Amino acid sequence: SLSTGSGALVMRAVDLIKKGLSAEEIVENLNNSVSKVQASFIVSTMEYLHKGGRCSGLTALLASALKIVPTLLLKDGKIVVGKKYMGNILKNCDRYVMDILKSNPTYDTTRAFITYTQGTDERIVNKIEETLRANSNFKEIIRTTAGATITCHCGAGTIGILYIND
């Protein structure tokens, strides 16, 4: 998983310790939870995906010309392309959040993370959080700054939602 996904598992471990579970029960719970980490990102530009060899120059050019912003999903330990939206991220925040919640509807309500790269417009972060709060029942939503992997692969303006599915 990505750094925030790993952090979600660590925070789950702390929750389980506080509940008094044994070490064996915690390990079993965490091992079962690894594949249930939902991680997705919406990317504002194809520039870094192209620079990293993850898409062709033609794809990046067409996506830019057509104002297509893709989502990236963590599936089976690999990043894959998800839905693609037309227009800028701010315009598509609501659709992105709703699509993620719809595709992963049974989740641990303890917490969700909004992870974003440096240079992401604060309005986008606020809109993602507002939509997530209005349409989910997470007890806690934590904002985090993306680590080196997402930043170098996706570039500035990338934002994601991460949580653990039940």
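It should be noted that the structure appears before, not after, this text.
Here is a short report on the structure shown in this document. Small disclaimer: the values here were computed from a predicted structure and weren't measured.

About the criteria used
Residues numbered from 1 in each chain as written. Predicted model: local features only at pLDDT ≥ 70, side-chain atom pairs only at ≥ 80, totals over all residues. Heavy atoms only, no water. Bend = angle between axes of the 7 residues up to and from the residue. Helix = DSSP H or I, 4+ residues; strand = E, 2+ residues; numbered from the N terminus. Buried < 20%, exposed > 50% of the residue type's maximum accessible area, 1.4 Å probe, protein only. Contact = heavy atoms within 4.5 Å. Polar contact = N/O pair within 3.5 Å; in protein donor to acceptor, adjacent residues only side chain to side chain. Arc of directions from axis to C-beta. Pairing = 2+ DSSP bridges. Axes fitted to C-alpha atoms, helices over the stretch in contact; angles between N-to-C directions.

**Concerning helix α5 (residues 89-103)**
Move 1: The sharpest bend along α5 measures roughly 30° and falls at Arg 95.
Move 2: Within α5, the full set of buried residues consists of Ile 89, Asn 92, Cys 93, Tyr 96, Val 97, Asp 99, Ile 100 and Leu 101.
Move 3: Among the structural elements, β1 (37-42), β2 (68-75), β3 (78-86), β4 (107-116), α6 (122-135) and β6 (159-165) are those in contact with the buried residues of α5.
Move 4: In this structure Asn 88 caps α5, since a side-chain oxygen of it lies 3.2 Å from the backbone nitrogen of Leu 90.

**Details of helix α2 (residues 23-33)**
Move 1: All of the buried residues along α2 are Ile 26, Leu 30 and Ser 33. In an axial view of α2, the angular spread of the buried residues amounts to 60°, which keeps them on one side of the axis. Of the exposed residues in α2, those oriented more than 90 degrees away from the buried face are Glu 24, Glu 28 and Asn 31.
Move 2: Where the residues of α2 are buried, they touch α1 (3-18), β1 and β6.

**Notes on the side chain of Thr 71**
Move 1: Structurally, Thr 71 is set in strand β2.
Move 2: Reaching out from Thr 71, the side chain makes a polar contact with the backbone oxygen of Lys 83 at a distance of 2.8 Å.

**Here's the deal with the environment of Leu 66**
Move 1: Note on placement: Leu 66 falls in the loop between α4 (57-65) and β2.
Move 2: Accessibility expressed as a relative area gives 47% for Leu 66, which makes it partly exposed.
Move 3: Spatially, the C-alpha atoms of Leu 66 and Met 86 are 7.2 Å apart, while their sequence positions differ by 20 residues.

**Side note on the sheet that holds strand β5 (residues 140-145)**
The strands making up a sheet are joined through hydrogen bonds of the backbone, oriented either antiparallel or parallel.
Move 1: Strand order in the open sheet formed by six strands is β3-β2-β1-β6-β4-β5, and the pairing between neighbours is mixed. Edge positions in the open sheet fall to β3 and β5, since each of these has one partner strand only. On average, each strand axis in the sheet is inclined to that of its neighbour by 20°, with strand direction left out of account.
Move 2: Alignment of β4 against β5, held across six bridges, turns out to be parallel. For Ile 114, the partnering residue across the bridge sits in β5 and is Arg 143.
Move 3: Most of the contacts of α6 go to β5, to which it runs at about 155°, and overall it touches β4, β5 and β6.

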